[in-house]
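Residue-level structure breakdown
The lines below spell out each chain.
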Amino acid sequence: MGEADRPEAGGSGKKRPGGGGGILMGRIFKVPVYVAPSWFLVAALITWFFGNQLERIIPGIGGTRYLVALFFAVAFYASVLVHELAHTVAALRFGLPVRRIQLQFFGGVSEIEKDSPTPGREFVLAFVGPLLSLVLAAVFWLGMLVTERGTVPGVLVAGLMLSNLIVAVFNLLPGMPLDGGRMLRAVVWKISGRPMTGTVVAAWAGRALAVAVLIGFPLVTHTGVLVERQSFTGVDSLTDGLLAAVLAAIIWTGAGNSLRMARLRERLPGLTATALTRRAVPVPADAPLSEALRRANDAGARALVVVEPDGTPRAVVRESAIAAVPDHRRPWEPVGGLAQDISEGTRIRTDLGGEALLTHLRDHPASEYLVVEPTGEIYGVLATSDVERAFVAAMSGGGRPSGR
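Analysis parameters
Residues numbered from 1 in each chain as written. Predicted model: local features only at pLDDT ≥ 70, side-chain atom pairs only at ≥ 80, totals over all residues. Heavy atoms only, no water. Helix = DSSP H or I, 4+ residues; strand = E, 2+ residues; numbered from the N terminus. Buried < 20%, exposed > 50% of the residue type's maximum accessible area, 1.4 Å probe, protein only. Contact = heavy atoms within 4.5 Å. Areas by Shrake-Rupley, 256 points an atom, 1.4 Å probe, with all protein chains shown as cover. Pairing = 2+ DSSP bridges. Axes fitted to C-alpha atoms, helices over the stretch in contact; angles between N-to-C directions. Expected span 1.5 Å × (residues − 1). pLDDT = per-residue confidence, 0-100. Core = buried A, V, L, I, M, F, W, Y, C linked by side-chain atoms within 4.5 Å. Polar contact = N/O pair within 3.5 Å; in protein donor to acceptor, adjacent residues only side chain to side chain.

**Describing the overall build of the protein**
Tallying secondary structure elements over the protein gives twelve helices and eleven strands in all. Here the protein holds 404 residues, and 46% of them are scored as buried. In the protein, 64% of the contacts between residues at least 6 apart in sequence involve partners at least 24 apart. Carbon together with sulfur atoms contributes 64% to the accessible area of the protein, which is approximately 19,600 Å² in total.

**Remarks on the sheet that holds strand β3 (residues 98-104)**
Pairing in this open sheet of four strands is mixed, and the strands run β1-β2-β3-β4 from one edge to the other. This sheet does not close on itself; its edge strands, each paired only once, are β1 (23-28) and β4 (107-112). Pairs of neighbouring strands in the sheet enclose a mean axial angle of 20 degrees, with direction left out of account. Where strand β2 (residues 31-35) lies against β3, three bridges are found, and the strand directions are parallel. Following the sheet pairing, V35 is matched in β3 by L103. In the packing of helix α2 (residues 64-93) onto the sheet, the strands contacted are β1, β2, β3 and β4, and the crossing angle to β3 comes to about 165 degrees.

**Describing α2**
The terminal C-alpha atoms of α2 lie 43 Å apart, and with 30 residues this matches the ideal 44 Å at 1.5 Å per residue to within 8%. Once α2 ends, the next one or two residues include G95, with phi positive near 80 degrees.

**Let's talk about the confidence of the model for the protein**
Looking at the protein, the pLDDT average stands at 83 and 86% of residues meet or exceed 70. Long-range and interchain partners of residues 3-20, a stretch whose pLDDT sits below 50, account for 63 contacts in this model, where long-range means more than four residues apart. Confidence drops under a pLDDT of 50 for residues 225-233, and excluding neighbours within four residues, the segment shows 15 contacts in the predicted structure.

**Let's talk about the nonpolar core**
Core analysis: the biggest nonpolar cluster contains 35 residues, and I46, F50, F76, Y77 and L103 have the highest contact counts within it. Put simply, the parts of the chain that give this core at least two residues each are β2, α1 (37-57), α2, β3, α3 (119-145) and α4 (152-171). When near neighbours in sequence (up to four residues on either side) are disregarded, F76 contacts I46, L160, S163 and V167. Core analysis: the next-biggest nonpolar cluster, separate from the first, contains 17 residues, A287, L289, L304 and I322 among them.

**Here's the deal with the side chain of H83**
As for its placement among the helices and strands, H83 is situated in helix α2. Of the polar contacts made by the side chain of H83, one reaches the side chain of D179; its length is 3.1 Å.

**Some words on the pairing of strand β6 (residues 303-307)**
Strand residues, when the strand is regular, have side chains that alternate between the two faces of the sheet. Where burial is concerned, most of β6 is hidden: five out of the five residues are buried. Sheet topology note: the strand β5 (residues 280-284)/β6 ladder contains five bridges and is parallel. If you follow V281 over to β6, its bridge partner there is L304. Inspection of the sheet shows β6 paired to strand β7 (residues 313-317) by three bridges, in the antiparallel sense. Looking at β7, one finds that V306 is bridged to A315. As consecutive antiparallel partners, β6 and β7 are separated by five residues, and within that stretch G311 has a phi angle of approximately 90 degrees, a positive value.

Pasting the structure below:
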């Protein structure tokens with residue numbers, strides 16, 4: 001339920017509306033709030049299980065119990081939204097852009113596009129979420145003092161107090177991707193002086209936490225520490241095991257993603273347009289594809305740029321379009337019909353790299369980009385496929401491929 005920091009390989013060729021899937025519910029502080037489809041499944045499960053418990057707690061409530069349970073599910077996720085808004089407000093105060101907030105399967109996520117510049121701000125940014133959840137738990141605890149037990153308001157207030165307390169405690173666990181993991185990262189970062197060291201420690205702590213949840217949660221419920229159980233068999237034990245497996249998988253995957261994205265952030269400044277650009281040869285629009293490819297092979301180039309008679313670049317020949325032309329048609333296929341016109345968004349300067357390159361590709365999705373010198377001369381062509389491979393290599397810790 002903590003904040004996420006997930007840069008994208010912007011050359012995917014597809015622009016994600018609002019940064020991802022889900023239903024847009026509105027904007028808060030100009031940040032879009034989405035509800036993922038998985039939320040409706042969880043809301044239905046909460047309504048079903050909580051509704052069944054209400055029949056035992058408030059005898060005679062009848063079918064109304066499911067309406068009350070649905071209200072509880074919505075109120076719980078409203079509390080989760082407050083938790084995420086705490087991260088968002090802190091990020092905006094620190095000058096960090098927030099792409100979106102999304103409510104999803106197990107809570108929510110605030111997608112913050114940049115890393116905190118200092119470990120102190122990283123700690124604050126992570127801590128404000130659980131802090132707000134603790135404040136909400138305290139508010140609902142005060143509400144329990146003025147509501148009658150065994151009534152609908154009393155049960156709702158008690159349920160929201162307990163759920164917010166669980167959210168706060170769970171998120172304070174010291175492992176990525178939880179808020180406690182980011183707090184641990186900040187502490188190790190402060191001590192070591194290296195953010196990557198903090199990320200590695202917090203990510204492995206998250207993986208250890210995932211194993212602990214997978215093994216420990218069923219054992220704790222079996223011993224009756226959390227709930228009273230008669231045996232270690234049956235539907236309850238199976239439910240505990242499945243819940244533990246899902247939570248462990250989410251934590252393990254999130255820890256791994258945090259580590260990969262940290263590697264990407266560390267190597268991002270080295271991902272430059274010049275390092276990834278393919279050598280290109282200029283060809284006239286009416287040149288046959290076979291002849292254009294021959295020129296490219298002779299020059300050791302991997303891309304074609306359509307130019308005007310005066311040498312001005314007009315379009316970039318698409319790699320996918322070349323592959324779609326059979327060999328026997330290539331002597332009669334002019335390259336002009338296979339090219340994508342150059343626009344302001346598909347023209348990139350050689351000095352573009354790192355975050356700036358990532359942002360430009362995300363804002364102007366295309367399959368190929370013309371890379372030009374500051375003087376306007378053709379340097380080469382940047383292909384989306386090369387960018388994606390470079391990002392994958394950076395996230396896995398490998399070297400970056402060279403386009404030329």
